[in-house]
Amino acid sequence: MKYIVGFGRFWYDFIVGDDWRIAVLVLIGLGVVFAVAHHAINAWWLLPAVVAVALTISLLRETRSR
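Calculation criteria
Residues numbered from 1 in each chain as written. Predicted model: local features only at pLDDT ≥ 70, side-chain atom pairs only at ≥ 80, totals over all residues. Heavy atoms only, no water. Helix = DSSP H or I, 4+ residues; strand = E, 2+ residues; numbered from the N terminus. Expected span 1.5 Å × (residues − 1). Buried < 20%, exposed > 50% of the residue type's maximum accessible area, 1.4 Å probe, protein only. Salt bridge = Lys/Arg side-chain N within 4 Å of Asp/Glu carboxyl O. Phe/Tyr/Trp six-rings, centres within 6.5 Å; stacked < 30°, edge-to-face > 60°. Lys NZ or Arg CZ within 6 Å of the ring centre and 35° of its normal.

(A) Region of interest: helix H1 (residues 2-15). If you check H1, its first and last C-alpha atoms are 20 Å apart, about what 14 residues at 1.5 Å a residue would give, namely 20 Å. Little of H1 sits out of view: just 0 of its 14 residues are buried. Residue Gly 17 follows H1 closely and has a positive phi angle near 65 degrees.

(B) The arrangement of the pattern of salt bridges in detail. In total, this model carries 2 salt bridges according to the counting rule given. A salt bridge links Arg 21 to Asp 19; its shortest N-O distance comes to 3.3 Å. Classification of Asp 19 as buried rests on a relative accessible area of 13%. With its nearest N and O atoms 2.6 Å apart, the salt bridge here joins Asp 19 to Arg 61.

(C) Molecular detail of the packing of aromatic side chains. In this structure the tally under the stated criterion is 4 aromatic pairs. Three or more aromatic residues joined by ring pairs make a cluster, and in this case those are Phe 7, Phe 10, Trp 11 and Phe 14. Between the NZ or CZ atom of Lys 2 and the centre of the ring of Tyr 3, over which it lies, the distance is 5.8 Å.

In structure tokens, the structure reads:
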């Protein structure tokens, strides 16, 4: 059981890392891209845009707090 818990903690730390908001925004972006692509609309460009916006928000929040 110790190995399973360690494995779960590794993936949580790897995906979420320091800022859980970025992980949530990327998951929301994945959901939106999936929903749009499910209706046969080419939306591959949407996920990189979501990631860029999430990184910008995170960087602005970090630089403001210092």
